[in-house]
Amino acid sequence: MIKIEALSAFSDNYIWLLQDAQHKRVAVVDPGDAAPVQAWLQQHHDWTLSDILITHHHNDHVGGVEQLRRETGARVYGPANENIPGRDQALVDGERIEVLGLTLQVFEVPGHTLGHIAFYQPQHHWLFCGDTLFAAGCGRLFEGTPQQMHQSLQRLAALPDDTLIYCAHEYTLSNLRFAKAVEPANREIAERFAQVEAWRQQGQISLPSVLQLERATNPFLRAAQTSVKEMIASREGRVIVSESEVFAALRAWKDRF
Ligand code: ZN
Ligand code: FE
């Protein structure tokens, strides 16, 4: 039995902590800061950090890696196509690794960065996707093209309905504000906005999300929907047929939103 907990870092990052109670060992995903992980380990002094999983090279995801590795001897997994500090094992698409007795499948999902990877757990349907797919949104295109990001998101969107989305930031409410602007008549978006607003007012995390809900409310997974295409056509003043061009227009709009 593996339990997953979110450790908060910086203003809106989450470091996912996977706990194997039987062996008293943990793994973390994207420790941008060592401090929250060190604090957890101090409170659980007989536990060990065995593995560190990295999705991409941005500092808010790798900033704590070298210190944690030095202090614990944890094994560091990261994308082969990026510079990852302290990386022990470089991962490419299709690879499978064993962490805490769990199989994790590696997907290359370029767009936010060119080497960005996601980790998928095929028995429990858990997805650790860094800054690629967010709850109700997606990462900015710092390195890749809209076409690459669209393709990466389409691939993640093809996972099972009940896949739990463990992304790296608490951006859900502002993402839903944009989703409402894209689809003002979408009731599921309005309901989700109200729900997440209530959670955030109570200081609650909005994650993990569920893929089925993302397909219904995340505009970046909805470029094929008539309502989304019509909104983009009215803003652009022309009809766009290609889904990846609709996606590109959505991403550009969100950048200025
Ligand atoms: Zn990033
Ligand atoms: Fe980030």
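See the structure printed just above.
Residues numbered from 1 in each chain as written. Chains lettered and ligands numbered in written order. Predicted model: local features only at pLDDT ≥ 70, side-chain atom pairs only at ≥ 80, totals over all residues. Heavy atoms only, no water.

Novice: How would you explain the overall build of the chain if you had to name every residue and give the values?
Specialist: Helix and strand counts for the chain stand at nine helices and 14 strands. Taking 18 Å as the expected radius of gyration for a compact globule of 257 residues, we find that the chain reaches 18 Å, a close match to that expectation. Taking the principal axes of the C-alpha coordinates as reference, the chain spans close to 60 × 40 × 30 Å. In the chain, which comprises 257 residues, the proportion classed as buried is 53%. Within the chain, contacts between residues separated by at least 24 positions form 57% of all contacts whose residues are at least 6 apart in sequence. Here the chain displays about 11,200 Å² of accessible surface, and carbon together with sulfur accounts for 46% of that area. (Helix = DSSP H or I, 4+ residues; strand = E, 2+ residues; numbered from the N terminus. Rg over C-alpha atoms; globule rule 2.2 N^0.38 Å. Buried < 20%, exposed > 50% of the residue type's maximum accessible area, 1.4 Å probe, protein only. Contact = heavy atoms within 4.5 Å. Areas by Shrake-Rupley, 256 points an atom, 1.4 Å probe, with all protein chains shown as cover.)

Novice: Run through the pattern of salt bridges, naming residues and quoting values.
Specialist: Scanning all chains against the criterion turns up 11 salt bridges. D20 is paired through a salt bridge with R25; the nearest N and O atoms lie 2.7 Å apart. Here R187 and E191 are joined by a salt bridge, their closest N and O atoms 3.5 Å apart. Linking R187 with E191, this pair stays in helix α6 (residues 187-201), spanning four residues, or about one helical turn. By relative accessible area, which is 64% here, R187 ends up exposed. Taking the relative accessible area as the measure of exposure, E191 reaches 46% and is therefore partly exposed. Overlapping salt bridges bring together R140, R251 and D255 as one network. (Salt bridge = Lys/Arg side-chain N within 4 Å of Asp/Glu carboxyl O.)

Novice: Quick one: what's the story with the coordination of the zinc ion (ligand 1), residue by residue and with numbers?
Specialist: Protein-derived coordination of the zinc ion (ligand 1) comes from H56 (NE2), H58 (ND1), H112 (NE2) and D131 (OD), at a distance range of 2.2 to 2.3 Å. Here the zinc ion (ligand 1) binds four donor atoms, and the angle range of 86 to 171° at the metal identifies the geometry as irregular. In this structure, the zinc ion (ligand 1) lies 3.2 Å from the iron ion (ligand 2), and both are coordinated by D131. Remark: H112 occurs in the loop between β8 (102-108) and β9 (117-121) and H58 occurs in the loop between β4 (48-53) and α2 (59-62); sequence separation between them is 54 residues. In this pair, the class of H58 matches that of H112, namely buried. (Donors = N, O, S within 2.8 Å, 3.2 Å for Na, K, Ca; no water. Tetrahedral: all angles 85-135°; square planar, octahedral: opposite > 155°, others 65-115°.)

Novice: I'd like a rundown of α6, residues and numbers included.
Specialist: Under the 1.5 Å per step criterion, the end-to-end length of α6 is 21 Å for 15 residues, consistent within 8% with the ideal 21 Å. Those residues of α6 that sit buried are I189, R192, F193 and V196. Seen end-on, α6 carries its buried residues on one side only, within an arc spanning 105°. Facing away from the buried side of α6, by more than 90 degrees, are the exposed residues R187 and Q201. Buried residues along α6 sit against α5 (172-182), β14 (209-210) and α7 (211-217). In this structure N186 caps α6, since a side-chain oxygen of it lies 2.9 Å from the backbone nitrogen of E188. Phi turns positive, to about 75°, at G203, one or two residues after α6. (Expected span 1.5 Å × (residues − 1). Arc of directions from axis to C-beta. Polar contact = N/O pair within 3.5 Å; in protein donor to acceptor, adjacent residues only side chain to side chain.)

Novice: Give me the coordination of the iron ion (ligand 2): which residues, what numbers.
Specialist: Looking at the iron ion (ligand 2), the protein donor atoms are D60 (OD), H61 (NE2), D131 (OD) and H169 (NE2), and they sit 2.1 to 2.3 Å from it. The site at the iron ion (ligand 2) holds four donor atoms, and with the angles between them running 84 to 168°, its shape is irregular. Here the donor residues for the iron ion (ligand 2) map to a single chain with the spacing D-H-x69-D-x37-H. The buried category is assigned to H61, whose relative accessible area is 0%.

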